[in-house]
Amino acid sequence: MSEKEKLIEVKNLKKYFNVGKGKILKAVDDVSFDIYKGETLGLVGESGCGKSTAGRTIIQLYNATSGQVIYDGEDTQVKKSAVDKKSMKKKMQMIYQDPYSSLNPRMTVLEIIAEGIGNHEVQLKSKEKEARVYDLLESVGLNKKHANRYPHEFSGGQCQRIGIARALAVAPEFIIADEPIAALDVSIQAQIVNLLQELQQKKGLTYLFIAHDLSMVKHISDRIAVMYLGGVVELAGSEDLYDNPLHPYTQALLSAIPIPDPKIERTRERIILKGDVPNPMDPPSGCRFRTRCPKAMQICTEIVPEWQEVSSNHFVACHLYKQ
Amino acid sequence: MEDTILKIDNLHVSFKTHNDGETKAVRGVSFELKKGETLAIVGESGSGKSVTAKSLMRLLPKQNSMIKDGQVFYEGKDLLKYSIKEMQKIRGSEISMVFQDPMTSLNPTMTIGKQIMEGLRKHQAFRKKELFKKAADLLELVGIPSPMERMKDYPHQFSGGMRQRVVIAMALACNPKVLLADEPTTALDVTIQAQILDLMKDLQKKTGTAIIIITHDLGVVASMAQRVAVMYAGEIIETGTVDEIFYEPKHPYTCGLLLSMPKLHAARSTKLIPIPGIPPDLGQLPEGCPFAARCPYVMKVCHSFSPSKTEVSETHSVSCWLEDERAPQVEWIDGAGGSIDERKRKVD
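The rules we used
Residues numbered from 1 in each chain as written. Chains lettered and ligands numbered in written order. Predicted model: local features only at pLDDT ≥ 70, side-chain atom pairs only at ≥ 80, totals over all residues. Heavy atoms only, no water. UniProt positions renumbered as here; feature names shortened; annotations may be inferred. Pairing = 2+ DSSP bridges. Helix = DSSP H or I, 4+ residues; strand = E, 2+ residues; numbered from the N terminus. Buried < 20%, exposed > 50% of the residue type's maximum accessible area, 1.4 Å probe, protein only. Axes fitted to C-alpha atoms, helices over the stretch in contact; angles between N-to-C directions. Contact = heavy atoms within 4.5 Å. Phe/Tyr/Trp six-rings, centres within 6.5 Å; stacked < 30°, edge-to-face > 60°. Lys NZ or Arg CZ within 6 Å of the ring centre and 35° of its normal. Right-handed = clockwise from strand over helix to strand, strands pointing away. Core = buried A, V, L, I, M, F, W, Y, C linked by side-chain atoms within 4.5 Å. Domains from an automatic or database assignment. Salt bridge = Lys/Arg side-chain N within 4 Å of Asp/Glu carboxyl O. Nonpolar A, V, L, I, M, F, W, Y, C, P; charged D, E, K, R; others polar.

Chain B has the name ABC transporter ATP-binding protein in an unreviewed UniProt entry, where Peribacillus cavernae is given as its organism. Per UniProt, chain B has the following entry under Sequence similarities (unreviewed entry): "Belongs to the ABC transporter superfamily." In the Subcellular location (unreviewed entry) part of its UniProt record, chain B is described as follows: "Cell membrane".

Chain A appears in an unreviewed UniProt entry as ATP-binding cassette domain-containing protein from Peribacillus cavernae. Taken directly from UniProt, the Sequence similarities (unreviewed entry) text for chain A runs: "Belongs to the ABC transporter superfamily."

**Q** What is the right way to read the pairing of strand E2 (residues 23-36) of chain A from this model?
**A** The side chains of a regular strand alternate between the sheet's two faces. Residue and element names in this part refer to chain A. As judged from the ten bridges shared by strand E1 (residues 6-20) and E2, these two strands associate in the antiparallel manner. For glycine 20, the partnering residue across the bridge sits in E2 and is lysine 23. As consecutive antiparallel partners, E1 and E2 are separated by two residues, and within that stretch lysine 21 has a phi angle of approximately 55°, a positive value.

**Q** It is not clear to me how the environment of leucine 272 of chain B should be interpreted in this structure. Could you clarify?
**A** Residue and element names in this part refer to chain B. Mapped onto the elements of the fold, leucine 272 is located in the loop between helix H10 (252-259) and strand E11 (309-311). Residue class for leucine 272 comes out buried when judged on its relative accessible area of 6%. Leucine 272 sits 228 residues away from glutamate 44 along the chain, and the two C-alpha atoms are 18 Å apart.

**Q** Would you explain the sheet that holds strand E5 (residues 77-78) of chain B in this entry?
**A** Strand pairing in a sheet is mediated by backbone hydrogen bonds. Such pairs are either parallel or antiparallel. Residue and element names in this part refer to chain B. Read across the sheet, four strands follow the order E2-E1-E4-E5 without closing on themselves; strand pairing throughout is antiparallel. The open sheet has two free edges, formed respectively by strand E2 (21-34) and E5, since each of these has just one partner strand. Strand direction decides the pairing type here: strand E1 (residues 4-17) and strand E4 (residues 65-74), joined by eight bridges, are antiparallel. Opposite lysine 7, over in E4, you have phenylalanine 73 as the bridge partner.

**Q** Please clarify how the sheet that holds strand E3 (residues 38-42) of chain B should be interpreted in this entry.
**A** Residue and element names in this part refer to chain B. An order of E6-E7-E8-E3-E9-E10-E12-E11 is seen for the eight strands of this open sheet, with the pairing classed as mixed. Both outer strands of the open sheet, strand E6 (95-98) and E11, are each paired with one neighbouring strand and no more. Averaged over all adjacent pairs, the angle separating strand axes in this sheet is 20°, with direction ignored. The pairing of strand E9 (residues 227-232) with strand E10 (residues 235-241) spans six bridges and is classified as antiparallel. Paired with arginine 227 across the bridge in E10 is threonine 241. Contacts between helix H7 (residues 190-207) and the sheet are confined to E3, strand E7 (178-182) and strand E8 (210-215), with E8 contributing the most and set at about 160° to the helix.

**Q** Sorry, what's going on with the packing of aromatic side chains here?
**A** Within a pair of aromatic rings, the relevant descriptors are the distance that separates the centres and the angle that separates the planes. This model, assessed by the stated rule, comprises eight aromatic pairs over all chains. Consider the rings of tyrosine 228 of chain A and tyrosine 249 of chain A, whose centres lie 4.5 Å apart with planes at 55°: the pair is tilted. With tyrosine 228 of chain A in strand E9 (residues 223-228) and tyrosine 249 of chain A in helix H9 (residues 248-256), the pair connects residues that are 21 residues apart, well separated along the chain. The class for tyrosine 228 of chain A is buried, based on a relative accessible area of 2%. On the basis of relative accessibility, which here comes to 0%, the residue tyrosine 249 of chain A falls in the buried class. Here the aromatic rings of tyrosine 232 of chain B and tyrosine 253 of chain B are separated by 4.5 Å at their centres, their planes lie at 50°, and the arrangement is tilted. Of this pair, tyrosine 232 of chain B sits in strand E9 while tyrosine 253 of chain B is found in helix H10, placing the two residues 21 residues apart along the sequence. Each of the two residues, tyrosine 232 of chain B as well as tyrosine 253 of chain B, counts as buried. Three or more aromatic residues joined by ring pairs make a cluster, and in this case those are Tyr228, Tyr249 and Phe289 of chain A. Here the guanidinium or amino end of lysine 263 of chain A rests over the ring plane of tyrosine 247 of chain B, the centre of that ring lying 4.3 Å away. The cationic tip of arginine 150 of chain B hangs over the ring face of phenylalanine 158 of chain B; the distance from NZ or CZ to the ring centre is 4.2 Å.

**Q** I keep staring at the pairing of E7 of chain B and nothing clicks. Help me out?
**A** Residues and elements named next belong to chain B. Most of E7 sits out of view: five of its five residues are buried. Residue alternation in E7 divides its side chains into two sets, Val178, Leu180 and Asp182 and Leu179 and Ala181, and both sets are buried. Taken together, the five bridges between E7 and E8 define a ladder with parallel strand orientation. Of the residues in E8, the one forming a bridge with leucine 180 is isoleucine 212. The handedness of the E7 to E8 crossover, carried by H7, is right-handed.

**Q** Any chance you could explain the nonpolar core here in plain terms?
**A** Across soluble globular proteins, nonpolar side chains show a tendency to be buried alongside one another. Counting 71 residues, the largest nonpolar core has Ile168 and Phe246 of chain B as the members making the most contacts within it. Composition of this core by domain shows at least three residues from each of domain 1 (105-175) and domain 2 (263-347) of chain B. If you look at the next biggest cluster of nonpolar residues, it comprises 69 residues, including Ala114, Val217 and Leu241 of chain A together with Leu272 of chain B.

**Q** I keep staring at the interface of chain B and chain A and nothing clicks. Help me out?
**A** Quite often, the size of an interface is put as the accessible area lost when its parts meet. Contact residues are listed per partner, giving 43 residues for chain B and 43 residues for chain A. Scanning the region where chain B abuts chain A turns up one salt bridge. Aspartate 243 of chain B is the salt-bridge partner of arginine 266 of chain A, the closest N and O atoms lying 2.4 Å from each other. Sorting the residues of the side of chain B that touches chain A by element identifies H7, helix H8 (218-224) and helix H9 (242-247) of chain B as the ones contributing at least two each. A per-element tally of the side of chain B that touches chain A places H7 of chain B first, with seven residues. For the side of chain B that touches chain A, the residue count by class is 22 nonpolar, 13 polar and eight charged.

**Q** Could you clarify how one ought to interpret the pattern of salt bridges in this entry?
**A** A side chain of one charge can pair with a side chain of the opposite charge when the charged atoms of the two come close. This structure, assessed with the given rule, holds 24 salt bridges over all chains. Between aspartate 34 of chain A and lysine 6 of chain A there is a salt bridge whose closest N-O contact spans 3.4 Å. With aspartate 34 of chain A in strand E2 and lysine 6 of chain A in strand E1, this pair connects stretches of sequence that are 28 residues apart. According to the relative accessible area criterion, lysine 6 of chain A is partly exposed, its value standing at 39%. In this structure, the salt-bridge partner of arginine 326 of chain B is aspartate 324 of chain B, at a minimum N-O distance of 2.9 Å. A relative accessible area of 69% means that arginine 326 of chain B is categorised as exposed. Among the charged side chains, a salt-bridge network with shared partners connects Glu5, Lys37 and Asp72 of chain A.

**Q** I'm lost on the UniProt feature "domain: ABC transporter" (unreviewed entry) in chain A in this one. Help?
**A** On the UniProt side, "domain: ABC transporter" (unreviewed entry) is annotated at positions that read residues 8-254 of chain A here. This span, residues 8-254 of chain A, is 38% helix and 28% strand, and a straight line between its end C-alpha atoms measures 27 Å.

This is the structure in structure tokens:
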């Protein structure tokens, strides 16, 4: 990737939820990043940090409170005609976390996968649709025989394959995978990750891979964005981020992952963060991480750290690296 | 051995299913737990690890489960022969358990303080004031700030990590000799997981409790355990010290698990090697080795006869036909790739 082409630009994206009694939950607060064509951007963070909300806002399942999501030069958040909206949605698809609840139990696999095709390509005959579905099933490692079965007849890994086939059905360019492997067993996770990588190579897909399992994210992503309490705190190439994490939160997160190697585990010094993630309804002033940060300074309580490029393509929002 | 505190011998547990079917969830599990050590039981969902733990606590529902065979010796006495009353004396005071989901294992309608005191009152004679003090001390021990005030709070006022701390405090209230932790950190975030694991290690040092930790996360195993038992389809297929399991795995399933995990330090280009297929249905187990259908080194014999246990070393044993002397020579290819050697076996 010498000449990187931006597929998606997320600019100052905000998504606030009104939770009643005049309270506002800032789930995603001023997030900006780019996703390049053909790459995998990993989005990691603990539960409740807003990573799923960010994904869902990008794909317009939620309307953004403010900010822009520019897809291939086109702002997705402005009002559009129904036709334009449809063609935009055809380009972006999503894979969900829970393979069981994301498939309609009363539809056959054929119906599930063909539904999207029918929506976007009305002129197709049912025979053609069927043929398309068979092809898709094959490409995700299932076969024709599975087409007339119902979701409950499949294992979790197989259901996730069906979910992937459904996402691929309308030939999208961009796929958001929201914790696609979190609900699966270890030995099945690798199958699904390999499948996703294979499909990316074959079809030139761009992924936004949302997960909390950092070792898997590192494996699949070209670049990684780390989120904490609604904001992105660090963004870098995946190797760079792991070798040289700058933000204290990233450092703690990396050191918290247990490594499946007893010799390393015995000698490893852990940074153990104190306390829990603060209530997002009432985030701390200044830097959001300061209440748990081992390196917090006076300035952190007062000023929100700026998003800055510390070295090439390595962004961080922390006062420690103020130039 | 003298220092063995818990010994499970040939445990068989089945569940009744409709149409007089039977799901053999645990099939002939045997292991020992020594005083003060940590044993990890690893396996995928449905491999029988939780059922093993629950059956030695006698917590399985009576209507549909049967402990068909086997013994559970706790300090030399068979727990499976205990009456319900005798068992209640053991639970919580001698052996206690931490469950996976801290929200559902706490009573939402009782204050945290009451729940901790409940166990204490049952097993130990305390005056009311002492009881309150002791419960607050326990909360402090597991790192909950201002314990005196938090005693009056309800579970929903605690975060996930704090709830799990409370559950651990409850489990340790009566200084049990054995702690069964069934996926204690699976529902938690990594930074909170690190806190909880750290806490468990710390408490073990202080109290000398022996821990059985049930998990599917090999990272957790590496950081917590001294010995490991790998379960597959209701059987323990390999046991050994952590080093033996991680650096010299003998069973193809153990190797497969290790290879399918991404390594933090490995280059991105290394491909994961998944285990193909899915675990067998415990209601209709195939004959022979249960892993045969997914095993890359499968031989004819694997489909018809179950492998017997082979002792590799004093601490390491494995159930696999490849260890049989008549089996063809297998070749281990050591490749560069992270700290766990990329291992592949090839049958000539």
